[in-house]
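# Structural features, examined
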Amino acid sequence: MRQLTYYVGSTLDGFIAGPDGQFDFFPFEGDLAAALVAEFPETIPAHGRGPLGLDGVANRRFDTVLMGRASYEPGLAAGVTSPYPHLRQYVFSRSLAQLDPAVQIVAGDPVAFVRDLKRQDGAGIWLCGGADLAGQLLGEIDELIVKRYPVVIGSGVPLFRAPFLPTRLTLTDSRVFNTGATITTYANTPEPSPMLFRPTTGADLDRVTAVTVDEPIGWIAADRYLEELGEGMYRPEWTWIAEQDGRVVARALWWGQATSEHPVALDCLYVDPSVPDRAAVAAELVTAGLRAFAEQGADKLPLYNVTLPTGWREDPAVVAALTWRQQAARAAGLTDEVERLRLEWTPDDGLPTAGGRLTFSEGTDEEFLDVFRRIAVGSLDGETRRNLALMGPEATAQEEVDFYLGCPGERSWWRLARTPDGQVAGLALPSATPYNRNVGYLGVVPELRGQGYVDEVLAEITRVQVAAGAELITATTDTDNAPMAAAFARAGYRTAQTRMIYSVPERAPVS
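Let me begin by describing the structure that accompanies this report.

Where helix H8 (residues 278-295) contacts helix H9 (residues 316-331), the two axes come as close as 8 Å, and the packing angle between them is 40 degrees. Overall, the two elements H8 and H9 adopt an arrangement that is oblique. The way H8 lies across H9 gives a crossing that is right-handed. Across the interface between the two elements, Arg278, Ala279, Ala282 and Ala283 from H8 touch Trp324, Gln327, Ala328 and Ala331 from H9. Among the residues making up the contact of H8 with H9, the classes are represented as six nonpolar, one polar and one charged.

This part is about the packing of aromatic side chains. If you walk through the whole model with that rule in mind, you get 18 aromatic pairs. Ring centres of Tyr90 and Phe113 lie 5.1 Å apart, and the angle between their planes is 65 degrees; on these two criteria the pair is classed as edge-to-face. Of this pair, Tyr90 sits in strand E4 (residues 88-92) while Phe113 is found in helix H4 (residues 110-119), placing the two residues 23 residues apart along the sequence. Classification of Tyr90 by relative accessible area gives buried; the value is 10%.

Residues in a regular strand project their side chains so that they alternate between the two faces of the sheet. Taking burial as the measure, the five residues of E4 include four buried ones, the bulk of the element. Note: strand E3 (residues 62-68) against E4, five bridges, orientation parallel. By the bridge assignment, Met67 is partnered in E4 with Val91. Handedness of the β-α-β unit built from E3, helix H3 (residues 69-77) and E4 comes out right-handed. The pairing of E4 with strand E5 (residues 103-106) spans four bridges and is classified as parallel. Pairing of Phe92 across the sheet is with Val106, part of E5.

Moving on to the packing of helix H12 (residues 453-467) against helix H13 (residues 482-490). At a minimum axis separation of 10 Å, H12 and H13 run at an interaxial angle of 55 degrees. By the criterion of interaxial angle, the relationship of H12 to H13 is oblique. In this structure, H12 crosses over H13, and the sense of that crossing is right-handed. Only Met484, Ala487, Phe488 and Arg490 of H13 make contact with H12, whose side of the interface consists of Val454, Asp455 and Leu458.

Relative to the elements of secondary structure, Val248 occurs in strand E13 (residues 247-255). Look at Val248 and you get buried, because its relative accessible area is 15%. With 173 residues separating them along the chain, Val248 and Gly75 place their C-alpha atoms 49 Å apart. Val248 has contacts with Arg207, Val211, Ile241 and Ala242, leaving out every residue within four places of it along the chain.

Examined against the element boundaries, Arg198 turns out to sit in strand E11 (residues 196-199). With a relative accessible area of 19%, Arg198 lands in the buried category. For Arg198, the side chain forms a polar contact with the side chain of Glu243, separated by 3.1 Å. Arg198 has contacts with Asp204, Arg207, Thr239, Trp240, Ile241 and Glu243, leaving out every residue within four places of it along the chain.

Conventions used here
Residues numbered from 1 in each chain as written. Predicted model: local features only at pLDDT ≥ 70, side-chain atom pairs only at ≥ 80, totals over all residues. Heavy atoms only, no water. Axes fitted to C-alpha atoms, helices over the stretch in contact; angles between N-to-C directions. Helix = DSSP H or I, 4+ residues; strand = E, 2+ residues; numbered from the N terminus. Parallel < 35°, antiparallel > 145°, perpendicular 65-115°, else oblique. Left-handed = near helix turned anticlockwise from the far one by under 90°. Contact = heavy atoms within 4.5 Å. Nonpolar A, V, L, I, M, F, W, Y, C, P; charged D, E, K, R; others polar. Phe/Tyr/Trp six-rings, centres within 6.5 Å; stacked < 30°, edge-to-face > 60°. Buried < 20%, exposed > 50% of the residue type's maximum accessible area, 1.4 Å probe, protein only. Pairing = 2+ DSSP bridges. Right-handed = clockwise from strand over helix to strand, strands pointing away. Polar contact = N/O pair within 3.5 Å; in protein donor to acceptor, adjacent residues only side chain to side chain.

By themselves, these are just geometric observations and shouldn't be taken as functional.
This is the structure in structure tokens:
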């Protein structure tokens, strides 16, 4: 994008010309004149270039000059119709006729013309004057360079002639010369408008799906989003954006079951890399969403689930992408952190061998509740241990049973494991998600752990799923639960992904 620079001389009292357009009172001398010739040679008009030794000197900053009629007419009065033949020349006037083929008269909107000019290839664009044209183009001026001479004239043509609209510029350079003149440079970089964090509506759909994630993690394909939006697993009110100056700069996609009243997990969190502090903006976005869900009555706030490739710690791009998301999650209060393996089994991996030491049968909800309560004690599963500490074994068992009853899997798949003498050894809960069949939950009662029964329970789950037609079975386990990870490996389950899960620490109920 080309830059528009308003480069102009001014008196100390802010005039670029006298009341009748005269400017011969500006001195061109000493170290200031030497600097102007050296740094801005293309701004010297044709009749002055020869005496200053500028014939054939290349342009340094600009290849285009813009003039208002009042800036062009002094040359016309002297018979000069093309004052800057070494530049592309445009004069803005609705009444002036074309006088020279080297000078294009522009009768239309200066703003639209300049915006188009900026998009074209080329060097800088010099706005020579005058006040009316500068006033119309104030919003398009990228840089203001003022040669301020030690002269006061009392009245004349101002730097800008425009409606009252205070516009703050940023000082980027200032020099003082022996002649008493200065050259001061300002950047016209308006402060960005405040960022707005809000849930989307149907009208935002195209902008939400147009967001492109340029990192190796954290993306949800647009077609998947649209498909699951139609099924109610993504919803406009669960999709939040950060918006600035009409542009979507961040996006958070929360997901839930089609029957969920509130979202279950944050699936995708993304902030545009142009944002200076991605973690801070992401934290504000997540915080705003979580606050809204709490106000809407969510008993349990959704967790944040980040899917990573296997061996992600050896990939700098993945580590960098996770780092700012991790910082955002923690800042938003999702400070409980668990690393989990996502495992997969397919028929090509072969059915795990059943040891034959256990028998499996169906059972009542009360029987499963009792076994859940027993196996929760001493469990190495992070979530089970947290729930046990917070709620105790009874409530933990009830929550697990209620959760799996609400999953898409069939209740008829559930099995109790027993030893040959009829003693309950554990349970096997084949289950399903909206996407795949999965292992669900398995466990062995504390007094029988360490005897290899977990392998038989996992084999039974796999067998039940295959008998029900499963071509892919998924599972998850914490990386800290080494015995369970080893059991999955023995059964032929392969690690497909790693997941980092961030959640709000749960508090024990008040007694």
